[in-house]
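Fold and contact review
Here is how the chains run, residue by residue.
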Amino acid sequence: MPDRKATCCANANIAFIKYWGNRDARLRMPLNDSLSMTLAELMTETTVLFDEALNEDQIVVGETEPAEAARARVVTQLDRIRAEAKLQTKARVMSRNNFPTGAGLASSASAFAALTLAATHAAGLELSERGLSILARQGSGSAARSIPGGFVEWLAATNTTSTSEQSFARVIAAPDFWDLRDVVVVVSHDEKKVGSSDGHQAAMTSPFFSERLNRLPERFHRARRALLARDLNALGTIIEIEAVELHFIAMTSRPPIFYWSPEMVRVIDAARAWRESGLPVYFTLDAGPNVHLICEAKDAETVAGNARQIPGVLEVIPSGVGGPVHLVENHLF
Ligand code: DP6
């Protein structure tokens, strides 16, 4: 019998061009291409064991069992993998993040990337990077981008004839291509009131959403070109517009979703002021109140030090560019 246990490590990622809105919500096929940087410092480790002795899946995240909805999402992902592996056996899953859980950071990306590699490996499946990305995507869209490492693009595949197999993420540049840093500025530890999955559904109700979709292909290509030219000024200008637009679409959805907060605006204002005085730093945002400050390695310490001085900042986590999801030897149980 093959070894039915595997442990994996996956990094979170921050999107420069955001995934917001699905053309197929069940399969998580997005409406637009997105672009991200893998975050070396934000990591999930997951062990999966398929165990004949179990009557139901046992899932532990951190020290606790997740709430029903979160548990169901993990079970659904395990079911997809069991179906591919033609396996009925229930699984024991243990997962932990090295960053504060509930900090509103992108934990579903690293979580579903780690779960997908650990579970497929434990089930005896040997998937390609592309295959893993397609499968991880169905657990959480942004997890598709946490399978490859470095700088990543996720192709939406929006032709009417496109299939799920055509929407996957791939590397556009290796981690050492550009020593960019994301200085993550945590201003809230609260769990967000509206999850991303509901946000994707709501996006369609914003009267400005179709205009966003019209503009995105050009913006995506400009951002991609700026990244490949290591042009922080050009890339930074685009990612700030993109981040504000994500929140604008959320705020103009019906009913509106406010991830926007006064603490967030304080950090944005500060970053813009530092830039005015010659520090090259640009902000981007997630579907939450925390701010990601993008700069080059040489400026990361200054940016982090400055950020720690801003009233209301709870924590600052500087991160370099991370690598792909991978198997590790040390199991969590
Ligand atoms: C704002 O991947 O968390 O971070 O597919 O429902 O799990 P689900 O959504 P999720 O959405 C991420 C939204 C975002 C932008 C991005 O990462 O591209």
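Residues numbered from 1 in each chain as written. Predicted model: local features only at pLDDT ≥ 70, side-chain atom pairs only at ≥ 80, totals over all residues. Heavy atoms only, no water.

1. Observations concerning the site of the ligand
The condition is simple: Definition of nearness: a residue and a molecule or strand are near each other if at least one heavy atom of the residue lies within 4 Å of the molecule or strand. Side-chain atoms alone can form a polar contact between residues adjacent in sequence; in general such a contact is a pair of N or O atoms within 3.5 Å, and within protein one must be able to donate a hydrogen while the other accepts it. Note on areas: these come from Shrake-Rupley sampling with a 1.4 Å probe, and a residue is covered only by the protein chains present in the view.
Of all residues adjacent to the ligand, which total 17 residues, the nearest are R73, S140, G141, S142 and S197. Taking S142, its side chain carries an N or O atom lying 2.7 Å from an oxygen atom of the ligand. S196 places a side-chain nitrogen or oxygen 3.3 Å from an oxygen atom of the ligand. In the complex, 95% of the free accessible area of the ligand, which totals 460 Å², lies under the protein chains.

2. Some details on the sheet that holds strand β10 (residues 282-285)
Threshold: Two strands are counted as paired when DSSP detects at least two bridges linking them. In this description a helix means any DSSP run of H or I spanning at least four residues, a strand means any run of E spanning at least two, and both kinds are numbered starting from the N terminus. Lines fitted to the C-alpha atoms define the axes, with helices restricted to the stretch that makes contact. Angles between their N-to-C directions range from 0 to 180 degrees. For this analysis, residues touch if any pair of their heavy atoms sits within 4.5 Å.
Taken together, the four strands give an open sheet; going across it, the order is β10-β11-β9-β12, and neighbouring strands pair in antiparallel fashion. Pairing within the sheet leaves two strands with one partner each, and these edge strands are β10 and β12 (315-319). Across this sheet, the average inter-strand angle for adjacent strands is 25°, counted without regard to direction. Together, β9 (180-186), β11 (291-296) and β12 form the strand contacts of helix α8 (residues 297-308), whose direction differs from that of β11 by roughly 145°.

3. Some details on the pairing of β9
Using the following cut-off: Throughout, exposure labels follow a simple rule: accessible area from a 1.4 Å probe, protein chains only, divided by the maximum for the residue type, with under 20% read as buried, over 50% as exposed, and the rest as partly exposed.
The buried fraction of β9 amounts to six of the seven residues, a majority that puts the element mostly inside the structure. The sheet contact formed by β9 and β11 spans six bridges and is antiparallel. Among the inter-strand pairings, D182 is bridged to a residue of β11, identified as I294. Bridge count for β9 against β12 is five bridges, and the pairing is antiparallel. By the bridge assignment, V184 is partnered in β12 with I317.

4. Considering the pattern of salt bridges
Formally: Salt bridges are defined by distance alone: a side-chain nitrogen of Lys or Arg within 4 Å of a carboxyl oxygen of Asp or Glu.
Taken as a whole and assessed by the stated rule, the structure comprises 15 salt bridges. Residue E153 is joined to R170 by a salt bridge in which the shortest nitrogen-to-oxygen separation is 2.8 Å. Of this pair, E153 sits in strand β7 (residues 151-154) while R170 is found in strand β8 (residues 169-173), placing the two residues 17 residues apart along the sequence. Accessibility expressed as a relative area gives 2% for E153, which makes it buried. Through salt bridges with shared partners, one network takes in R212, R219, E242 and E245.

5. Observations concerning unusual backbone geometry
That bond from R254 to P255 is cis: its omega, -5°, falls within 30 degrees of zero. For P255, the position within the fold is in the loop between α6 (232-251) and α7 (262-276). Even without being a glycine, K86 presents a positive backbone phi close to 55°. As for its position among the elements, K86 is in the loop between α1 (68-85) and β6 (91-97). What makes K86 exposed here is its relative accessible area of 73%. Its identity as a non-glycine residue notwithstanding, A157 has a phi of 60°, on the positive side.

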